[in-house]
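The chain contents come next:
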Amino acid sequence: MATADHFEKQLRHWSATASVEARLPGGARNEVRTVRIAGRRYVARQSLRPEPAVVWETDLLRHLSDRGIRVPTPIEARDGRFHIDGFMVLEWLDGEPPRTASEWKMAASALATVHAATTGWPQRPGFASTTELLTRDAGGDVDLSVMPAEVVNWLRSAWLPLRDCQMSVVHGDPHAGNIRITAQGAGLIDWDEARVDASMLDFSDIPVDPEPAVTKEFMEIVRIAADAWEAAACWDLEPAYARGRLQSLKVRTGNP
């Protein structure tokens, strides 16, 4: 992981007087820290993604911010760039994680707004949707070629029902820790796992119904597909978590 000295050095591209503060929790794939620039708090992140994937993310965040969606907007460096060798500085989003049903409904509404604003958005370079992975072996954090053939068959069976669903950008990891609730609504942070995929996947772990028209039976199909995605995406990086999600998939589908 990147050191505090690395962050100090990279921050000079944004400000000669910027300072590094605390490392933020999470960030299994990237180093994330709070920083101060001209007395204001920001978030700095060193991404390990290839440059085209980072460009896609910064373009997405600017697009969403321009449409009034509360996301951590990328801050320009002094030379006008929004990222330098995978390093970026983002606005700090105030707020607390959702706790009540009404707050979770605010989060679901924010996700639905993201989906509506990104219908037809191009796929993140190097990534693949669940539908694309029905015939491809790899994309983003998923590499099916390193998994047992029986497991790959389970995953693809779980993803197959989503092939005709609405596609858009999905946040990819909208758990409570990545949601910020204020009087202005819900904000969404940590877009490292974002990609284009079936929009409904973003609602798989949210404890409220995303919309009345969605049946409980279909939401169970979505949760099965999400278990499969998490198992695949975390197979090598977080093996214990991946096996837990695979076990959840097997229980939900009645596999021994």
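See the structure shown above.
Just so it is clear, the structure is predicted and the values come from calculations on it, not from any experiment. (Residues numbered from 1 in each chain as written. Predicted model: local features only at pLDDT ≥ 70, side-chain atom pairs only at ≥ 80, totals over all residues. Heavy atoms only, no water.)

K.L.:
So what exactly am I meant to see when it comes to the overall build of the chain here?
P.N.:
A count of helices and strands for the chain gives six helices and ten strands. Since a compact globule built from 256 residues should have a radius of gyration of about 18 Å, the 19 Å found for the chain is in line with a globular shape. Its C-alpha atoms give the chain principal-axis dimensions of roughly 60 × 40 × 30 Å. Burial statistics for the chain: of 256 residues in total, 50% are counted as buried. A separation threshold of at least 6 residues defines the contact pool for the chain, and within that pool the share at least 24 residues apart is 64%. The chain carries 29 positive and 36 negative side-chain charges, and their two centres are separated by 3 Å. (Helix = DSSP H or I, 4+ residues; strand = E, 2+ residues; numbered from the N terminus. Rg over C-alpha atoms; globule rule 2.2 N^0.38 Å. Buried < 20%, exposed > 50% of the residue type's maximum accessible area, 1.4 Å probe, protein only. Contact = heavy atoms within 4.5 Å. Lys, Arg positive; Asp, Glu negative; His and termini not counted. Charge placed at Lys NZ, Arg CZ, Asp CG, Glu CD.)

K.L.:
Please explain the pattern of salt bridges as it appears in this structure.
P.N.:
Pairing between side chains becomes possible if they bear opposite charge and their charged atoms approach one another. This structure, assessed with the given rule, holds 17 salt bridges. With a closest N to O distance of 3.2 Å, Glu57 and Arg124 form a salt bridge. Highlighted residues: Glu57 in helix H2 (residues 51-66) and Arg124 in the loop between helix H3 (101-117) and strand E5 (138-139), separated in sequence by 67 residues. You can call Arg124 buried: its relative accessible area is 1%. In this structure, Glu96 and Arg99 form a salt bridge, with 3.9 Å as the shortest nitrogen-oxygen distance. By relative accessible area, Arg99 is classed as exposed at 60%. When salt bridges with common partners are traced through the structure, they connect Asp205, Glu220, Asp227, Arg245 and Arg252 into a single cluster. (Salt bridge = Lys/Arg side-chain N within 4 Å of Asp/Glu carboxyl O.)

K.L.:
How should I be thinking about the pairing of strand E9 (residues 185-188) in this particular structure?
P.N.:
Moving residue by residue along a regular strand, the side chains alternate between the two faces of the sheet. Summarising the sheet, strand E8 (residues 179-182) and E9 pair through four bridges and their orientation is antiparallel. Considered in E9, the bridge of Thr182 is made with Gly185. Hairpin geometry of E8 and E9 is characterised by an intervening segment of two residues between the two adjacent antiparallel strands. (Pairing = 2+ DSSP bridges.)

K.L.:
Help me understand the packing of aromatic side chains in this model?
P.N.:
Here a ring pair, both rings aromatic, is described through the centre-centre distance and the interplanar angle of the planes. Taken as a whole and assessed by the stated rule, the structure comprises three aromatic pairs. Taking the centre distance of 6.2 Å and the plane angle of 55° together, the rings of Trp159 and Trp229 count as tilted. Residue Trp159 is located in helix H4 (residues 149-159), and its partner Trp229 is located in helix H5 (residues 216-233); the two are separated by 70 residues in the primary sequence. Here Trp159 falls in the buried class, since its relative accessible area comes to 0%. Residue Trp229 is classed as buried on the basis of its relative accessible area, which comes to 6%. Taken together through their ring pairs, the aromatic side chains of Phe7, Trp14 and Phe87 make up a single cluster. One Lys or Arg, Arg41, reaches over the ring of Trp92 and ends 3.9 Å from the middle of that ring. Taking NZ or CZ as reference, Arg243 lies 3.6 Å from the ring centre of Trp235, over its face. (Phe/Tyr/Trp six-rings, centres within 6.5 Å; stacked < 30°, edge-to-face > 60°. Lys NZ or Arg CZ within 6 Å of the ring centre and 35° of its normal.)

K.L.:
Whenever I open this one, the packing of H4 against helix H6 (residues 239-253) confuses me. Can you help?
P.N.:
The relative placement of two packed helices is expressed as an angle between their axes plus a distance between the axes. Following both chains from N to C, one finds H4 and H6 inclined at 65°, their axes separated by 11 Å at the closest point. Relative to H6, H4 is oriented so that their crossing is left-handed. Only Leu246, Leu249 and Lys250 of H6 make contact with H4, whose side of the interface consists of Val151, Trp154, Leu155 and Ala158. A breakdown of the residues in the contact of H4 with H6 according to their chemical character gives six nonpolar, no polar and one charged. (Axes fitted to C-alpha atoms, helices over the stretch in contact; angles between N-to-C directions. Left-handed = near helix turned anticlockwise from the far one by under 90°. Nonpolar A, V, L, I, M, F, W, Y, C, P; charged D, E, K, R; others polar.)

K.L.:
How should I be thinking about the sheet that holds strand E2 (residues 31-37) in this particular structure?
P.N.:
Sheet strands pair via backbone hydrogen bonds, and the direction of the pair is either parallel or antiparallel. Strand order in this open sheet of four strands is E1-E2-E3-E4, and the pairing throughout is antiparallel. Only two strands of the sheet have a single neighbouring strand rather than two, namely strand E1 (19-23) and strand E4 (87-91). Each strand of the sheet is rotated relative to its neighbour by a mean of 35°, with strand direction disregarded. Pairing analysis gives seven bridges linking E2 to strand E3 (residues 40-46), with the strands arranged antiparallel. Bridging across to E3, Thr34 finds its partner in Val43.

K.L.:
Can you walk me through the pairing of E4 in this structure?
P.N.:
Burial analysis of E4 places four of its five residues in the buried class, which makes it a mostly covered element. Sheet topology note: the E3/E4 ladder contains five bridges and is antiparallel. What sits directly across from Gln46, in E4, is Phe87.

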